[in-house]
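Structural overview for review
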Amino acid sequence: MDHMSLPTSALIFVALVAGCAASDPHGQRTPEPEDELVILEVAVVEDLQMANHVTFEISLSEPAVPQVICTLDADSDEVHTFVGEQEGQLIAVEGVGLLANEDYSCVASAGERSLDVALQTRPSALEADWTVTGSPEDSQGAYTLFNLFNAGDIQDHKLIIVDPQGRVRFVYRIGATGSGGVAFSALPTQQLLLAGGGDGMHPTLIRWTGEVAEEWPATTTGGVFHHDVEYQPDTDTLATLVTTERETETFPKRSFTGFKIEVRDLGTQAPSWAFDSDQDDLNALLPIFLGDNPLHANAISLLDDTQGPAAFISLRDPDTVVRVDRQDSSISWMLGIGGDFDLIDADGSPLPDADWFFGQHDPELHLDATPPTVLVHDNGTLRPGVPGFSRAVELALDLDEMTATPTWEWTEDGWYETAFGDADALPGGNVLIAQGHCYFCTESTPNRRSAIVEVDREHTGPDAVVWRLDFGEEESGIYRAERVDGCALFHNAKYCQ
């Protein structure tokens, strides 16, 4: 590899070997293998953009698939295994998910040959603006993904992955975005991170090495990508929200922002389905006094339920989740205050309107549950009749009787954020909640900090918190967070037993 062609990398270590044979556990050298495979050279190239990534360039005398195993000197439980992606004589083995500014003892091997390689990762330019409390052993999953931005000046928007102790394992700098609403998800089987939105970030596939694997071109609407992008593994497609320019029907005409869902094939980017917000049922939700973005779509999910293939859309300002039939693009039902469902308690008694969700973000539908449920990050924006508060709430849906029943909720004192946030059900039963603080939103609780909180459903209040990450600066904003299993990322034995 031509090192001069790597402006984001630097050669930091070169090892040469004449072809050492492996030793047995008692320190006795094993017989020379009959083949002529020799590890000629191992060069370690650091990534000047991300201290958690290095490249081991391994030169071999014969084609082989090399691997590198690195053990953290300060913690022998942390053992990374990195494997070459193909057979060859000059193979780059990518080392990802490492801690910055640490010493590792590594062993490069191919066939029966091995070579010790000392590695010292460089210091990171990112200073962690957070603290972690709780017990990592009680949390579910291992790695936490989140986006981080300064809510007043988002010129350096970042995607970050931390381990259970809150230590950085991955940083990808998005750069400037139009808003904090960047969506993301890990695609571990493809070793990719998907991100997009933020009023301008094109749907982008990012390798764990920090390189862009694929980026969508401009929208078909002339608008911008915003708020959400989702991968559909069954069809290998991406679904994303884009803005459209609309105009009122009555005189005097007034322009406002609508939305469209675009679904495209992941490989060819060929369109496979689209939905436009200019529908009679959605137009009925428009208020008399229009704002710039009166529907404010902020999340989508493409799922199949008992009624067939559907798209579920979260409309923040009308406080509504909408089901769209993907076969004919009709509106099947609306969930929320004034919608098609009656809100009742477990005994069947009507509940007050204040118990609905308001200004919600990223509803998570579990349609294969019995009964079907929806988990909502309820911001509580303009909740009627009560002091403002935010919460995570789960509703059980009866699609025959068209009722919704709250079955679980969690909140804490002083939590009221009118923008940002999401709630994810974890496979072990806990819930991960992203509490994004909006310091410039006058309705939000002043002087709070953004936080990521994992709660145990079996408890309430502070006793439910098993793990949390609290940000130090009031202007540190987050939009969402996602937990990924330790066996799915980075091949680190410390988090995958």
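One can find the structure itself at the top, above this paragraph.
Note that residues are indexed from 1 along each chain, following the sequence as it is written. Given that the model is predicted, a residue must reach a pLDDT of at least 70 before its local features are reported, and side-chain atom pairs must reach 80 or more before they are shown or counted; all residues, however, enter totals for whole chains, interfaces and linings. Values shown for side chains rest on all heavy atoms present in the structure; no hydrogens or waters enter the calculation.

1. Considering the packing of aromatic side chains
Here is the rule we go by: Ring geometry is summarised as follows: Phe, Tyr and Trp rings, the Trp one being its six-membered ring, pair when their centres sit within 6.5 Å, and such pairs are stacked at plane angles under 30 degrees, edge-to-face over 60 and tilted between the two. Here a helix means four or more residues in a row that DSSP labels H or I, a strand means two or more in a row labelled E, and each is numbered from the N terminus. Here's how the labels work: a residue is buried when its accessible area is under 20% of the maximum for its type, exposed when over 50%, partly exposed in between, all with a 1.4 Å probe on protein chains only.
Counted under the stated rule, the structure contains 17 aromatic pairs. Aromatic pair Trp 130 and Phe 471: ring centres 5.9 Å apart, planes at 70 degrees, arrangement edge-to-face. Taken together, the residues Trp 130 in strand 9 (residues 130-134) and Phe 471 in strand 33 (residues 465-471) connect sequence positions 341 residues apart. Residue Trp 130 shares its accessibility class with Phe 471, and that shared class is buried. Taking 5.8 Å as the distance between ring centres and 45 degrees as the angle between the ring planes, the aromatic pair formed by Phe 312 and Trp 333 counts as tilted. With Phe 312 in strand 22 (residues 308-315) and Trp 333 in strand 24 (residues 331-336), this pair connects stretches of sequence that are 21 residues apart.

2. Some thoughts on the environment of Val 79
What counts here: In what follows, a contact means two residues having at least one pair of non-hydrogen atoms within 4.5 Å.
Its place among the elements puts Val 79 in strand 5 (residues 75-83). Sequence separation of Val 79 and Gly 134 is 55 residues, and the distance between their C-alpha atoms is 24 Å. Filtering out sequence-adjacent residues up to four positions away, Val 79 remains in contact with Ile 69, Cys 70, Thr 71, His 491, Asn 492 and Ala 493.

3. Remarks on the state of the cysteines
Threshold: Put simply, a disulfide is two cysteine sulfurs that come within 2.5 Å.
Summed over the entire model, instances satisfying the criterion amount to three disulfides. There is a disulfide in this structure between Cys 487 and Cys 496, and the S-S distance comes to 2.0 Å. Handedness of the Cys 487-Cys 496 disulfide follows from its S-S torsion of about 100 degrees: it is right-handed. On the basis of relative accessible area, Cys 487 is assigned to the partly exposed category, the value being 42%. Sequence-ordered numbering of the bonded cysteines in the protein chain yields a pairing of 1-2, 3-4, 5-6.

4. So, the pattern of salt bridges
Condition: We define a salt bridge as a contact between a side-chain nitrogen of Lys or Arg and a carboxyl oxygen of Asp or Glu at a distance within 4 Å.
Per the counting criterion, the structure on display carries 23 salt bridges. Between Asp 156 and Arg 173 there is a salt bridge, with its nearest N and O atoms 3.4 Å apart. Remark: Arg 173 occurs in strand 12 (residues 168-175) and Asp 156 occurs in the loop between strand 10 (143-150) and strand 11 (157-162); sequence separation between them is 17 residues. Judged by its relative accessible area of 35%, Asp 156 falls in the partly exposed class. A relative accessible area of 35% places Arg 173 in the partly exposed class. We note a salt bridge from Asp 163 to Arg 169, for which the minimum N-O separation is 3.0 Å. For the residue pair Asp 163 and Arg 169, the accessibility class agrees, reading buried in each case. Within this structure, Glu 78, Asp 163, Arg 167 and Arg 169 form a network of salt bridges that share partners.

5. Overview of the sheet that holds strand 29 (residues 403-410)
Formally: A strand pair is defined by DSSP finding two or more bridges across the two strands.
In spatial order, the strands read 25-29-28-27-26; together these five strands make up an open sheet with mixed pairing. A single partner strand is all that each edge strand has here, and the edge strands are strand 25 (342-343) and strand 26 (361-366). Alignment of strand 27 (residues 373-378) against strand 28 (residues 391-398), held across six bridges, turns out to be antiparallel. Looking at the pairing, Thr 373 lines up with Ala 396 of strand 28.

6. Some points on the sheet that holds strand 9
Which entries qualify depends on this criterion: In this description, a line fitted to the C-alpha atoms serves as the axis of each element, helices being fitted only across the stretch in contact, and the angle between N-to-C directions of two axes falls anywhere from 0 to 180 degrees.
Pairing in this open sheet of five strands is antiparallel, and the strands run 9-33-32-31-30 from one edge to the other. Taken across any chain shown, the strands that pair with only one partner, and hence form the sheet edges, are strand 9 and strand 30 (422-425). Shown here is a sheet whose adjacent strand axes are inclined to one another by a mean of 10 degrees, direction ignored. Two elements, strand 9 and strand 33, share five bridges in a ladder whose sense is antiparallel.

7. What about the pairing of strand 31 (residues 431-435)?
The element strand 31 is largely enclosed, with a buried count of five among its five residues. Burial of the side chains of strand 31 extends over both faces: Val 431, Ile 433 and Gln 435 are buried on one face and Leu 432 and Ala 434 on the other. Across four bridges, the pairing between strand 30 and strand 31 is antiparallel. Residue Asp 424 lies in a different strand from strand 31, and its bridge partner there is Leu 432. Connecting the antiparallel pair strand 30 and strand 31 is a turn made up of five residues, with Gly 429 showing a positive phi of about 110 degrees. The sheet contact formed by strand 31 and strand 32 (residues 451-455) spans five bridges and is antiparallel. What sits directly across from Ala 434, in strand 32, is Ile 452.

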